[in-house]
Amino acid sequence: PTPVFLDCDTGVDDALAIAWLVASPGVDLVGVGAVSGNVAAATGARNTLDLLAMLGREDVPVHLGAHDFLDHPFTGGAPHVHGADGTGGVALPRAVTEVSGTSAAQALVDAARARPGELRLLAIGPLTNVALALEVEPELPRLVREVVIMGGAAMAPGNVTAVAEANIHNDPLAAARVLDAGFDLTVVGLDVTMHQRFEEEHRRALLAAGTPVTRALGEVLEFYFAFYAQRFGRPCSVLHDPLAAGVLTGDVALALAPRVPVEVDTSDGPGRGQTIADLRGLYHGFPDHFPGAPRVALEVEGDFGAVLLERLLT
Ligand code: BDR
Ligand code: CA
């Protein structure tokens, strides 16, 4: 199995991504960092501990990360999307496990140093902890094998402003540093995540499967579905974080994912948090013009909702 470190802001779709990683046979989940985003880092860490315990993985260490972002304080997250508790108002059984004594940034560095060239990093929240890890260990991009982030929008509209996606908008400075650091990095943003759905039939199948975890996930999804119902006219959700997890595990085929430079708008203007991907090469038929640049997912193949459900049910 491939060693994976997860950094997240659990969060309803983060919870699905965690369940996906635990259910994926090729993954050795070596640690999880918690960052503020959907909820405060401490709340996300609690949700992650509780979820991992339900999944029978209380052995996976959870590390508390940054409460505030690099250049501004955390101001309350996205309770209208994920519930004030991050789990859609559903109280998960409280695990006896607690966060480790090591910060998320240090734990990521330690995990990378312990297995040079092997670790894969999945970052599905704001990139604050990863940016802090780069301060601890500037060689991190050489120590880590691959990074997949959920964040940004290259051509799609934003989801928190006209142009910005939530994870990047929460900490644009951190995102700029991580995208610039020289990782072998894949950006899984709104261009692809908005097109992959979980429907009511998927949620009902989780509830009907009746294990404590599938039932909890089905219940947690109800609040998230109600948020997306305002947009899609029926209860359902898009699959941001699980899709990024599926890319990391190699279960999602990237139909179009050119390597192109990506800049992040770190200003305080209307473009704050925008990921500006230089896609001009696409028009000229040389999409992979920039070999060292991030890979930006623009299209994926298949129906990931069905794949996700199947794995969560096994
Ligand atoms: C991203 O922001 C968070 O709300 C979700 O968990 C996901 O990581 C989507 O923009
Ligand atoms: Ca997230």
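For the structure itself, look to the data block above.
Residues numbered from 1 in each chain as written. Chains lettered and ligands numbered in written order. Predicted model: local features only at pLDDT ≥ 70, side-chain atom pairs only at ≥ 80, totals over all residues.

### Some points on the overall build of the protein
And then number 1: Along the protein, the regular secondary structure elements total 14 helices and 13 strands.
And then number 2: Taken over the C-alpha trace, the protein has a radius of gyration of 18 Å; the compact-globule value for 314 residues is 20 Å, and the two agree within 12%.
And then number 3: Buried residues in the protein amount to 54% of all 314 residues.
And then number 4: The contacts of the protein with a sequence gap of at least 6 include a subset with a gap of at least 24, amounting to 82%. (Helix = DSSP H or I, 4+ residues; strand = E, 2+ residues; numbered from the N terminus. Rg over C-alpha atoms; globule rule 2.2 N^0.38 Å. Buried ≥ 20, exposed ≤ 12 C-beta atoms within 10 Å, placed from the backbone. Contact = placed C-beta atoms within 7 Å.)

### Remarks on helix α5 (residues 128-136)
And then number 1: Judged by how many residues are buried, α5 sits mostly within the fold: 7 of 9 residues are covered.
And then number 2: Turning to α5, its buried residues number three or more, namely T128, N129, V130, A131, L132, A133 and L134.
And then number 3: The inward-facing, buried residues of α5 contact β1 (2-8), β2 (27-34), α4 (104-114), β4 (119-123), α6 (140-143) and α8 (172-180).

### Re the sheet that holds strand β5 (residues 144-150)
And then number 1: Across the sheet, which stays open at both edges, the 7 strands sit in the order β3-β2-β1-β4-β5-β6-β12 with parallel pairing between neighbours. With partners counted over all chains shown, the strands left at the sheet margins are β3 (62-64) and β12 (295-296), one partner each.
And then number 2: Inspection of the sheet shows strand β6 (residues 185-188) paired to β12 by 2 bridges, in the parallel sense. Within β12, the residue paired with T186 across the bridge is R295. (Pairing = 2+ DSSP bridges.)

### Some remarks on the site of ligand 1
And then number 1: Near ligand 1 you find 16 residues, and of these G11, D13, M150, A166 and H240 are the closest.
And then number 2: Secondary-structure elements contributing two or more residues to the shell around ligand 1 are α1 (12-23), α7 (166-170) and α12 (240-248). (Near = placed C-beta within 6 Å.)

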